[in-house]
Amino acid sequence: MSKFYITTPIYYVNALPHIGSSYTSIAADIIARFKRLLGEDVFFLTGTDEHGMKVAQSAERAGISPQEFCDDMSNNFRELSSMWSLTNDDFIRTTEDRHIKSASAFWKAIEHDIYISRYEGWYDVRDEAFVQESDVKDGKGPSGGEVTWMEEESFFFRLSAYQERLLDLYNTRPDFIGPEAKRNEVIQFVKDGLKDLCISRTRFSWGIPVPNHPNHVMYVWVDALTNYISALGYPDNMDRVNQYFSNCVHLVGKEIVRFHAVYWPAFLMAAGLPLPKRIFAHGWLTSEGQKMSKSIGNVIYPKDIIEKYSSDIVRYFLFREIHFGEDGDFSQASVERRINYDLANDLGNLVQRVLSFPYKIGSFTPNYSGDDSCKRLIQLARDLPGEMNDLIDVQDLSGGLNAIWKLISEANKFVEESKPWKLLKENRTKELNASLTALCEAIRSVAICLSPYMPHVCKRIFEFMNIKGESLDEIKIDFVPQVFQKPEHLFPRDKKC
Ligand code: MSP
């Protein structure tokens, strides 16, 4: 069975999860669910990033030990899985023994490219990133975080030695970084010249000790990036690492592409490990047109928004409204528009209108020899999974929904044209059966392809139609929708679905 590995960034535990930090996880879940429908052996990983100066400072402010602070905060991220119906196979924490052991082994594996020297320069604590002198303005780094001057003895990774190998990688594997605009930015960044990377700290102790140098802790990004292999059992289970990792897609927010597309492959090359298949960067969400901020009071918390609309609706909205890969806005007016038009009018009406017929007449004998318009609709239904597969392979999650809605709109047009109510009234049973067969095929295809995005809504459609919906292959089988449950409206106006 072919292996597929999908990851989210591991989340800093210094703040509560919000819609932005749920975004990557939902995207990864949609992809994981889709790949499982294809019959692939999927490993979907998420987790929390718990070391570093920022977390240590937050724990101090809370007046508890960093470990207690992390134990508590990490649970808020773990709970996202049940809230958003995420199907992650593992949840890694960087304070777990398995990770610490793995990160220490990884350090040793790249030690031949590490040397000790002195670090002098600016550090942005919020981003846990070193900042170039030229990028510091009014005591702030390029992303607006305050910078502090650091001077200490540190270990350095010989990143400069990887410049050509990285450029070669981007060149020979053009799909290694997506979208294209991010790929170009990374290539430019590397072409501008890579400096060796400071990868240890002595100023604070909340981190993984550098092997044989316990007064140094690893730079939080070296520690954090290793999570992707520690969860696979590195270094003890190299078979697993080798099998999954070369089929790995890292989903990341646009601001952390450099860490994943430059530092991480360089570290992996140094360790002689396989490289991931692709790094895909998505954009940032704003809330009601503004950057989310506690002081503005517009931070969207998962619990509130799920209570208001349901997890399926928000999952749908995020990938229909905002093209995955670009920045976009979350506004309640837009969510409500999507509910009324796309969900209630297009999908909900189609399902209820069509399935009410077979429910009314008891059962019907499928007829696959209808006229050209019936055959066309069946063909469109059967083409959908292939089309979706091509889109999901390049993380075009919004394209996937557009393709599904194209079929929904074709099916709605078909209802208007074939007029099943008239066929029923005139007792034209053969034609009615052909029309219902084509429509049920379309609805089945829509429900199976949409299930990674809206698992609960689609489960109800499967129940109405008495189908399993566990594999995309089912679309290719002529099916006999014999038993139907009463098809209630999927998106009643006054109730959450
Ligand atoms: N801990 C690092 C990642 C280490 S991965 C080896 C980190 N953590 S984070 O909590 O700050 O961010 C995690 C992810 O959440 C990032 O991909 C970031 O882009 C995403 N988002 C946080 N706020 C966001 C929005 N407002 N919109 C969309 N995604 C955003 O970076």
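The rules behind these values
- Residues numbered from 1 in each chain as written.
- Predicted model: local features only at pLDDT ≥ 70, side-chain atom pairs only at ≥ 80, totals over all residues.
- Heavy atoms only, no water.
- Helix = DSSP H or I, 4+ residues; strand = E, 2+ residues; numbered from the N terminus.
- Buried < 20%, exposed > 50% of the residue type's maximum accessible area, 1.4 Å probe, protein only.
- Polar contact = N/O pair within 3.5 Å; in protein donor to acceptor, adjacent residues only side chain to side chain.
- Contact = heavy atoms within 4.5 Å.
- 1 Å grid on protein atoms, 1.4 Å probe; cavity = no way out; pocket = protein on both sides within 12 Å on 5 of 7 lines; lining within 4 Å.
- Points joined across faces, edges and corners; volume = space filled by probe spheres on them.
- Nonpolar A, V, L, I, M, F, W, Y, C, P; charged D, E, K, R; others polar.
- Salt bridge = Lys/Arg side-chain N within 4 Å of Asp/Glu carboxyl O.
- Near = heavy atom within 4 Å.
- Areas by Shrake-Rupley, 256 points an atom, 1.4 Å probe, with all protein chains shown as cover.
- Core = buried A, V, L, I, M, F, W, Y, C linked by side-chain atoms within 4.5 Å.
- Phe/Tyr/Trp six-rings, centres within 6.5 Å; stacked < 30°, edge-to-face > 60°.
- Lys NZ or Arg CZ within 6 Å of the ring centre and 35° of its normal.
- Pairing = 2+ DSSP bridges.

## A few points about the side chain of Thr 95
Then comes step 1: Structurally, the position occupied by Thr 95 is in the loop between β4 (90–93) and α5 (97–110).
Then comes step 2: Relative accessible area serves as the criterion here: at 13%, Thr 95 is assigned to the buried category.
Then comes step 3: A distance of 2.7 Å separates polar atoms of two side chains, one belonging to Thr 95 and the other to Glu 50.
Then comes step 4: In contact with Thr 95, not counting residues within four places along its chain, are Glu 50, His 51, Gln 67, Ile 100 and Trp 206.

## Here's the deal with empty space enclosed by the protein
Summary: where empty space remains is shown by rolling a probe the size of a single water molecule over the atoms.
Then comes step 1: Here the structure, examined in full by the defined rule, presents two cavities of 30 Å³ or more.
Then comes step 2: Its volume calculated, the largest cavity comes out at about 40 Å³.
Then comes step 3: Forming the walls of the largest cavity are Phe 4, Ile 31, Lys 35, Val 249, Lys 277, Ile 392, Asp 393 and Gln 395.
Then comes step 4: Here the lining of the largest cavity is built from residues that sort into four nonpolar, one polar and three charged.
Then comes step 5: Its volume calculated, the second largest cavity comes out at about 40 Å³.

## Section: the pattern of salt bridges
Then comes step 1: Under the counting rule described, the total for this entry stands at 33 salt bridges.
Then comes step 2: In this structure, Asp 127 and Arg 126 form a salt bridge, with 3.8 Å as the shortest nitrogen-oxygen distance.
Then comes step 3: Residue Asp 127 is classed as partly exposed on the basis of its relative accessible area of 28%.
Then comes step 4: Classification of Arg 126 by relative accessible area gives partly exposed; the value is 40%.
Then comes step 5: Each member of the salt-bridge network shares a partner with another, and the members are Arg 320, Glu 321, Arg 338 and Asp 342.

## Description of the environment of Met 388
Then comes step 1: Mapped onto the secondary structure, Met 388 falls in helix α15 (residues 372–393).
Then comes step 2: Residue classification places Met 388 among the buried positions, given a relative accessible area of 0%.
Then comes step 3: Taking the C-alpha atoms as reference, Met 388 lies 7.7 Å from Cys 449; in sequence the two are 61 residues apart.
Then comes step 4: Each residue touching Met 388, except ones within four places of it in the same chain, is listed here: Phe 34, Gly 400, Ile 404, Cys 449 and Tyr 453.

## A look at the site of the ligand
Then comes step 1: Looking at the ligand, there are 24 residues lining it, with Ile 10, Asp 49, Gly 253, Glu 255 and Leu 285 nearest.
Then comes step 2: A distance of 3.1 Å separates an oxygen atom of the ligand from a polar backbone atom of Tyr 12.
Then comes step 3: Between a nitrogen atom of the ligand and a side-chain N or O atom of Asp 49, the distance comes to 2.7 Å.
Then comes step 4: Expressed as a share of its isolated accessible area of 670 Å², the protein-covered part of the ligand is 92%.
Then comes step 5: For the shell around the ligand, the secondary structure elements donating two or more residues are β2 (11–12), α1 (19–37), α8 (220–225), α9 (227–230) and β13 (248–253).
Then comes step 6: Here the residues of the shell around the ligand are counted per class, giving 14 nonpolar, eight polar and two charged.

## Brief notes about the nonpolar core
Then comes step 1: Core analysis: the biggest nonpolar cluster contains 96 residues, and Ile 19, Leu 318, Phe 319, Ile 404, Tyr 453 and Met 454 have the highest contact counts within it.
Then comes step 2: Counting residues per element, this core draws most heavily on helix α18 (residues 429–450), at 13 residues.

## With respect to the packing of aromatic side chains
Then comes step 1: Enumeration over the complete set of coordinates arrives at 28 aromatic pairs.
Then comes step 2: Summarising the aromatic geometry, the rings of Phe 245 and Trp 264 are spaced 6.1 Å apart at their centres and angled 85° between planes, so their arrangement reads as edge-to-face. Of this pair, Phe 245 sits in helix α10 (residues 238–245) while Trp 264 sits in helix α11 (residues 257–271), and the two are 19 residues apart along the sequence. For the pair shown, Phe 245 and Trp 264 are each scored as buried.
Then comes step 3: Directly above the aromatic system of Phe 357 lies the positively charged group of Lys 360, at a separation of 5.2 Å from the ring centroid.

## Description of the sheet that holds strand β5 (residues 114–124)
Then comes step 1: Taken together, the four strands give an open sheet; going across it, the order is β6-β5-β7-β9, and neighbouring strands pair in antiparallel fashion. Where the open sheet ends on each side, the last strands, each with one partner, are β6 (129–131) and β9 (197–198).
Then comes step 2: In this structure, β5 lies alongside β6, joined through three bridges in antiparallel fashion. Counted as the bridge partner of Tyr 123 is Phe 130 from β6.

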